[in-house]
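# A closer look at the structure
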Amino acid sequence: MWRVRSVEELGSSHGWRLLRGVLDDGREVFAKLGAASGVFASEAAGLRWLGEAIAVPEVVEAGPDRLVLTWVLQERPSPAAAERFGRDLARLHRAGAGAFGAPWPGFIAELPMDNAPAPDWPSFYAERRVLPFLARAGLPAAGAAAVERAAARFAEVAGPPEPPARIHGDLWSGNVLWSGGAAVLVDPAAHGGHRETDLAMLELFGLPYLDRVLGAYREEFPLADGWRDRAPLHRLHPLLVHAVLFGGSYRDAVTAAARRVLEL
């Protein structure tokens, strides 16, 4: 059993205490502490799965009320690191998954998600990601109706069918840490999904040298025609999550994305 030599409080997020610590063996670690929940086991499972194909922190301990990871020493991103990330992300997606979904309960932030497998991505995305969050997002009636109409069209507008990709599932810039000339991924909502989902999320909130990331990705793993046009489809879920968590203008952003899907 490891022991803690020192601890530094880093604040809080989603109701969890965030800590930086040094163990007796000299390892630096990052810890989340909170009320007993399945969220930490879910994140640990996702990190271990992603870690088979891309850089992630090592899971030191995962319990009902805590998650302890190796500390990531961060640095400024560079064009070379961004290009490496594009290639690494392509290889992660190519590693694949056994189904659309995952064999562990899903979470994004503190919100539970249904990871039960579905036979195809459009039905998985509608039934496991979009419609359950729509019910909690508090959209006006017209906005909710637009999302429901968009969900009914997912199979028509999703592009050519692809096998399940191994995706991070919450790949905004804050979950991409730069260290050692590479990207290290944290806080996943990992599952077998559509690879365009991760790319659309990167674009939603921006990422340093994103053009370099996408260029290297496409060289490694070309994308189907129209992938940029489909970005609003893949952003519906993260925008709904933000509407549930934060409300406000995110509700308008959900409605706007749904209407763009209806125009595809």
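Just above, that's the structure.
Please read these numbers as outputs of a predicted model, since none were measured by experiment. (Residues numbered from 1 in each chain as written. Predicted model: local features only at pLDDT ≥ 70, side-chain atom pairs only at ≥ 80, totals over all residues. Heavy atoms only, no water.)

## Quick word on the nonpolar core
Core analysis: the largest hydrophobic core is formed by 34 residues, its most contacted members being Phe133, Leu139, Phe154, Leu233, Leu236, Leu240 and Val254. When residues of this core are traced back to their parent elements, those giving at least two are β7 (111-113), α3 (121-134), α4 (141-152), α5 (154-157), α8 (231-246) and α9 (249-262). What Leu240 contacts, discounting residues up to four positions off in sequence, is Val130, Phe133, Leu134, Ala137, Leu139 and Val254. Membership of the second largest hydrophobic core comes to 27 residues, among which are Ala102, Leu171, Ala183 and Leu210. (Core = buried A, V, L, I, M, F, W, Y, C linked by side-chain atoms within 4.5 Å. Buried < 20%, exposed > 50% of the residue type's maximum accessible area, 1.4 Å probe, protein only. Helix = DSSP H or I, 4+ residues; strand = E, 2+ residues; numbered from the N terminus. Contact = heavy atoms within 4.5 Å.)

## Examining the sheet that holds strand β5 (residues 66-70)
Ordered in space as β1-β2-β3-β5-β4, the five strands form an open sheet in which the pairing is antiparallel. Each of the sheet's edge strands pairs with one partner strand only, and the pair in question is β1 (4-13) and β4 (59-63). Taken pair by pair, the neighbouring strands of this sheet meet at an average axis angle of 20 degrees, ignoring direction. Bridge count for strand β3 (residues 28-33) against β5 is five bridges, and the pairing is antiparallel. By the bridge assignment for β5, Val29 is matched with Thr70. (Pairing = 2+ DSSP bridges. Axes fitted to C-alpha atoms, helices over the stretch in contact; angles between N-to-C directions.)

## Some thoughts on the packing of helix α2 (residues 79-95) against helix α7 (residues 210-220)
Closest axis-to-axis distance for the α2/α7 pair is 7 Å, and the angle between their directions is 40 degrees. Our classification of the angle between α2 and α7 gives oblique. As for how α2 packs across α7, the hand of that crossing is right-handed. The residues of α7 that touch α2, namely those facing Pro79, Ala82, Glu83, Phe85, Gly86, Arg87, Leu89, Ala90, Arg91, His93 and Arg94, are Arg212, Val213, Ala216, Tyr217 and Glu220. Here the contact of α2 with α7 is built from residues that sort into eight nonpolar, two polar and six charged. (Parallel < 35°, antiparallel > 145°, perpendicular 65-115°, else oblique. Left-handed = near helix turned anticlockwise from the far one by under 90°. Nonpolar A, V, L, I, M, F, W, Y, C, P; charged D, E, K, R; others polar.)

## Comments concerning α4
Here α4 contains 12 residues, and its C-alpha end-to-end distance of 17 Å stays within 8% of the 16 Å for a straight helix at 1.5 Å per residue. Of the residues making up α4, those classed as buried are Gly143, Ala144, Ala146, Val147, Ala150 and Ala151. Burial along α4 is one-sided: seen end-on, the buried residues are contained in an arc of 155 degrees. In α4, the exposed positions that point more than 90 degrees away from the buried face belong to Ala141, Ala142 and Ala152. Structurally, α4 contributes buried residues whose contacts are with α3, α5, α8 and α9. (Expected span 1.5 Å × (residues − 1). Arc of directions from axis to C-beta.)

## Points about the pattern of salt bridges
With the rule as written, the count across this model stands at 18 salt bridges. In this structure, Arg17 and Glu9 form a salt bridge, with 2.4 Å as the shortest nitrogen-oxygen distance. Residue classification places Arg17 among the partly exposed residues on the basis of a relative accessible area of 42%. The closest approach of N and O atoms between Arg84 and Asp88, which form a salt bridge, is 3.7 Å. Placement of the pair is Arg84 and Asp88 together in helix α2, with a separation of four residues, close to one helical turn. (Salt bridge = Lys/Arg side-chain N within 4 Å of Asp/Glu carboxyl O.)

## A look at the packing of α3 against α8
Their axes nearest at 9 Å, the elements α3 and α8 cross at an angle of 20 degrees. The orientation of α3 relative to α8 falls into the category roughly parallel. Regarding α3 and α8, the two cross each other, and that crossing is left-handed. Every residue of α8 that contacts α3 at Trp121, Tyr125, Arg129, Val130, Phe133 and Leu134 is listed here: Leu233, His234, Arg235, Leu236, His237, Leu240, Val241 and Val244.

## Examining the pairing of β3
Of all six residues in β3, five are buried, a share of seventy percent or more. Relative to β3, strand β2 (residues 16-23) runs antiparallel, the two sharing six bridges. Across the sheet, Gly21 pairs through a bridge with Val29, a residue of β3. Hairpin connection of β2 to β3: four residues between the antiparallel strands, including Gly26 at a positive phi of 95 degrees.

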